[in-house]
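If you want the building blocks of each chain, they are given just below.
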Amino acid sequence: KAGVTQTPRYLIKTRGQQVTLSCSPISGHRSVSWYQQTPGQGLQFLFEYFSETQRNKGNFPGRFSGRQFSNSRSEMNVSTLELGDSALYLCASSLALFYEQYFGPGTRLTVT
Amino acid sequence: GIQVEQSPPDLILQEGANSTLRCNFSDSVNNLQWFHQNPWGQLINLFYIPSGTKQNGRLSATTVATERYSLLYISSSQTTDSGVYFCAVETYNTDKLIFGTGTRLQVFP
């Protein structure tokens, strides 16, 4: 069974631009979560989607948004990029709520 | 909110040594996972262990839910064990994985 995939793997953007990251969960998994990892803040929860509904959202500004499609694939969008948005963005999928989460390889975003 | 503390923050070992990593948490959990993050950033699942004991090769883990801690044991360490080990917990209140700050392990030949 294929694992969680994320595209693109690396991205360089300029301040003020927007970016869309994609995550394809493990087949059959309906829950997708997103996390941001930075050296200063560690791993922080962004949001979780289950059956196309956002169930939970972390403490991030409204510039960070996401959605989930009927095939469970998910996208997250960051608008008006800031230097501090440079981070590793990780996506995780699980069969259902409170089940074991499996992570993708991440998208490394650099904002210049 | 729930606090997750990992110790030690750094660990340096020689190949073949054994080690114990600890994760303390401040509330009852319904999900606890241990991960190994490799140098490329990939989080690799080690254990899903909200309670009890599990073993997988040279690694084993024990969670004592009533006392709110979990231990990860690495025996006969190898250089490929190097990386950062994270404990993450989830409760019905938080409804999301909360990560500890990690233990950075370096294994030298």
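Please read these numbers as outputs of a predicted model, since none were measured by experiment.

Participant: Would you take a moment to explain the overall build of chain A for this structure?
Facilitator: Assigned secondary structure in chain A consists of 0 helices and 11 strands. When its helices and strands are written in sequence order, chain A yields β-β-β-β-β-β-β-β-β-β-β. The C-alpha atoms of chain A give 13 Å as radius of gyration, which agrees with the globular expectation for 112 residues (13 Å, within 12%). Taken over the C-alpha atoms alone, chain A extends approximately 40 × 25 × 25 Å along its principal axes. When the 112 residues of chain A are sorted by exposure, 50% land in the buried category. In chain A, the proportion of contacts linking residues at least 24 apart, taken out of those at least 6 apart, comes to 54%. As displayed, chain A offers around 5200 Å² of accessible surface, 48% of which is attributable to carbon and sulfur atoms.

Participant: Hey, could you run me through the sheet that holds strand E7 (residues 64–68) of chain A in this one?
Facilitator: Either a parallel or an antiparallel arrangement is found when strands of a sheet pair, and the pairing is made through backbone hydrogen bonds. Residues and elements named next belong to chain A. Sheet architecture is open: 4 strands sit in the order E1-E3-E8-E7, paired in antiparallel fashion. In this open sheet, the two edge strands, each paired with only one partner strand, are strand E1 (5–7) and E7. Neighbour-to-neighbour, the strand axes of this sheet turn through a mean angle of 20 degrees, independent of strand direction.

Participant: Whenever I open this one, the packing of aromatic side chains confuses me. Can you help?
Facilitator: The relation between two aromatic rings is expressed through the spacing of the ring centres and the mutual angle of the planes. For the coordinates displayed, the defined rule picks out 9 aromatic pairs over all chains. Consider the rings of A:Tyr35 and A:Phe45, whose centres lie 5.7 Å apart with planes at 70 degrees: the pair is edge-to-face. Of this pair, A:Tyr35 sits in strand E4 (residues 31–38) while A:Phe45 sits in strand E5 (residues 42–50); the two residues are 10 residues apart in sequence, bridging distant segments of the chain. Judged by relative accessible area, A:Phe45 falls into the buried class, the value being 7%. Aromatic side chains A:Phe103 and B:Phe35 sit 5.2 Å apart centroid to centroid with 90 degrees between the ring planes, which places their arrangement in the edge-to-face category. Remark: B:Phe35 occurs in strand E4 (residues 31–37) and A:Phe103 occurs in strand E10 (residues 102–103); the pair is interchain, linking two chains. Since its relative accessible area comes to 0%, B:Phe35 is described here as buried. Among the aromatic residues, ring-to-ring pairing joins A:Tyr35, A:Phe45, A:Phe103, B:Phe35, B:Phe86 and B:Phe99 into one connected group.

Participant: Looking at this model, I keep getting lost on the pattern of salt bridges. Mind explaining?
Facilitator: Oppositely charged side chains can pair when the atoms bearing their charge come close. Residue and element names in this part refer to chain A. Counted under the stated rule, the structure contains 6 salt bridges over all chains. Between Arg 63 and Glu 82 there is a salt bridge whose closest N-O contact spans 3.6 Å. With Arg 63 in the loop between strand E6 (53–57) and E7 and Glu 82 in the loop between strand E8 (74–78) and strand E9 (87–94), the pair connects residues that are 19 residues apart, well separated along the chain. A residue is classified by how much of its surface remains accessible, and Arg 63, at 16% relative accessible area, is buried. When its relative accessible area of 41% is taken as the criterion, Glu 82 is described as partly exposed. Here Arg 73 ties to Glu 75 by a salt bridge, and the two come within 3.3 Å at their closest N and O atoms. Among the charged side chains, a salt-bridge network with shared partners connects Arg 63, Glu 82 and Asp 85.

Scoring rules and cut-offs
Residues numbered from 1 in each chain as written. Chains lettered and ligands numbered in written order. Predicted model: local features only at pLDDT ≥ 70, side-chain atom pairs only at ≥ 80, totals over all residues. Heavy atoms only, no water. Helix = DSSP H or I, 4+ residues; strand = E, 2+ residues; numbered from the N terminus. Rg over C-alpha atoms; globule rule 2.2 N^0.38 Å. Buried < 20%, exposed > 50% of the residue type's maximum accessible area, 1.4 Å probe, protein only. Contact = heavy atoms within 4.5 Å. Areas by Shrake-Rupley, 256 points an atom, 1.4 Å probe, with all protein chains shown as cover. Pairing = 2+ DSSP bridges. Axes fitted to C-alpha atoms, helices over the stretch in contact; angles between N-to-C directions. Phe/Tyr/Trp six-rings, centres within 6.5 Å; stacked < 30°, edge-to-face > 60°. Salt bridge = Lys/Arg side-chain N within 4 Å of Asp/Glu carboxyl O.

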